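Remarks on the overall topology
Take a look at the letters that make up each chain.
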Amino acid sequence: MKRTASAFWLNSPGAGEIREVTLPAPSEGEVLVRALYSGVSRGTETLVFRGGVPESQHAAMRAPFQEGDFPAPVKYGYLSVGEVEEGPADLVGRTVFCLYPHQTRYVVPVTAVTLVPENVPAERAILAGTVETAVNAAWDAAPLVGDRIAVVGGGMIGCSVAALLARFPGVRIQLVDADPARASVAKALGVDFALPRDALGECDLVVHASATEQGLARSLELLTPEGTVLELSWYGDRKVSLPLGEAFHSRRLVIRSSQVGTVSPARRSSRTYADRLALALELLADPALDALITGESAFEELPQVMPRLTSGEIPVLCHRVRYGKSA
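Here we summarise the structure given alongside this text. (Residues numbered from 1 in each chain as written. Predicted model: local features only at pLDDT ≥ 70, side-chain atom pairs only at ≥ 80, totals over all residues. Heavy atoms only, no water.)

**Observations regarding the nonpolar core**
Filter applied, for reference: In this text, buried Ala, Val, Leu, Ile, Met, Phe, Trp, Tyr and Cys residues form a nonpolar core when linked through side-chain atoms within 4.5 Å. For every residue, the accessible area (1.4 Å probe, protein chains only) is compared with the maximum for its type, and the residue is labelled buried under 20%, exposed over 50%, or partly exposed between those bounds. Labels follow the DSSP assignment, with helices taken as runs of H or I lasting at least four residues and strands as runs of E lasting at least two, numbered in each case from the N terminus.
Judged by nonpolar contacts, the single largest core of 77 residues is most densely connected at F97 and L127. Top contributing element to this core by residue count: helix α3 (residues 128-141), with eight residues. Within the second largest apolar cluster, 16 residues are counted, among which are V152, A194, A211 and L216.

**With respect to the environment of E226**
In plain terms, the rule: Note on definitions: a residue-residue contact is assigned when non-hydrogen atoms from the two residues lie within 4.5 Å.
Among the structural elements, E226 can be located in strand β14 (residues 223-231). Owing to a relative accessible area of 55%, E226 belongs among the exposed residues under this scheme. Separated by 26 residues in the primary sequence, E226 and R252 place their C-alpha atoms 4.8 Å from one another. Apart from residues lying up to four places away in sequence, E226 is in contact with R251, R252 and L253.

**Here's the deal with the pairing of strand β8 (residues 105-109)**
Applicable threshold: Note on pairing: two strands pair once DSSP finds at least 2 bridges between them.
Of all five residues in β8, four are buried; the element is thus mostly enclosed. Pairing geometry for strand β3 (residues 30-41) and β8, over five bridges, is antiparallel. Across the sheet, residue R34 finds its bridge partner in β8, namely R105.

**Things to note about the layout of surface pockets**
Inclusion rule: Put simply, the grid is 1 Å and covers the protein atoms alone, a cavity is a trapped set of points that fit a 1.4 Å probe, a pocket is an open set with protein on both sides within 12 Å along at least five of seven lines, and lining residues have an atom within 4 Å of a point. Grid points are joined across faces, edges and corners, and a volume is the space filled by probe spheres set on the points. Following the grouping adopted for this structure description, the nonpolar residues are Ala, Val, Leu, Ile, Met, Phe, Trp, Tyr, Cys and Pro, the charged ones are Asp, Glu, Lys and Arg, and the polar ones are all others, Gly among them.
In this structure, the second largest pocket spans a volume of roughly 190 Å³. Around the second largest pocket, the lining is made up of eleven residues, and of these V135, A138, W139, L164 and F168 lie nearest the centre. Within the residue set of the lining of the second largest pocket, elements represented by two or more residues are α3 and α8 (273-283). Broken down by element, the residue count for the lining of the second largest pocket peaks at three residues, all from α3. Looking at the lining of the second largest pocket residue by residue, the class counts come to nine nonpolar, no polar and two charged.

**Observations regarding the sheet that holds β14**
What counts here: Orientation is described by axes fitted as lines to C-alpha atoms, over the contacting stretch for helices, and by angles from 0 to 180 degrees between their N-to-C directions.
One open sheet holds the six strands; their spatial order is β12-β11-β10-β13-β14-β15, and the pairing between them is parallel. The outermost strands of the open sheet, each flanked by one partner alone, are β12 (192-194) and β15 (254-257). Here the strands of the sheet are splayed against their neighbours by 25° on average, with no regard to which way each runs. Judged from the four bridges that link them, strand β10 (residues 148-152) and strand β13 (residues 203-208) form a sheet pairing that is parallel. Its bridge partner being in β13, I149 is matched across the sheet by L205. Sitting on the sheet, helix α4 (residues 156-165) touches β10, β11 (172-176) and β13, and the angle it makes with β11 is about 170°.

Here is the structure:
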């Protein structure tokens with residue numbers, strides 16, 4: 001019997017469509033997953049949608065189950081939650097997270113799925129990839145008890161990092177963003193909020209996630225002498241200028257990158273990606289993180305929704321894609 005599914009493809013920069021795809025029968029060691037929800041990682045996926053992935057980064061930016069090549073045609077995405085329909089008996093009927101593009105059903109190795117804890121709703125589990133990135137950033141940041149911290153940039157990643165760092169004992173933490181609407185998200189996460197001009201200075205650590213020159217410059221201004229900016233922003237094909245004159249050297253400031261996919265061996269050499277993802281899913285038991293999901297649409301609407309997400313017409317953090325029961 002021929003098995004088919006529907007998948008969202010980027011045909012050319014700025015234009016997507018739903019395509020029918022043929023599925024293989026799952027072999028031993030594989031599972032067939034029916035998608036329940038997927039998430040649009042607005043920063044990365046809109047960069048892909050507009051064709052902004054630099055040629056030098058085509059290999060580094062490939063998603064685990066991507067088909068096609070940048071700039072297009074390409075099937076891209078990595079925040080999928082579904083129910084196992086076929087596979088090992090202990091997985092059938094279980095809810096799992098997978099780094100798979102937007103598709104109604106898919107077949108992947110068992111090792112590619114992670115069980116979603118029973119106390120984490122499937123609707124929230126789409127944030128697993130984002131919170132995993134935030135876990136990685138927290139490990140790279142290595143905050144100390146009592147640190148004064150700012151997170152500049154209130155997108156998905158910035159908000160997730162702020163929510164995690166706020167759990168450290170005795171820290172002073174602010175989420176800093178130019179959009180005053182982010183104040184309500186910060187409040188839901190239990191984090192103080194400030195506009196850039198009002199942000200508290202003398203920070204030991206600033207995590208920058210705004211992907212703007214202005215945000216990075218403001219991050220440097222907020223540091224105490226010998227403080228560190230941890231740079232999480234992905235700029236794609238854009239050039240970025242830095243104010244490295246004036247007091248940058250005399251204040252002995254530090255700018256350090258954080259790699260999304262890997263952890264420095266000197267920091268967490270024994271922790272695998274699977275470890276980080278499992279931890280992220282455990283952290284998603286906190287209902288406050290629902291504040292990061294600010295929009296939702298049906299899978300069939302993606303060709304119309306993605307251009308609006310890319311242009312900013314739909315201002316969201318994480319956009320949730322809903323799949324029908326017969327998907």
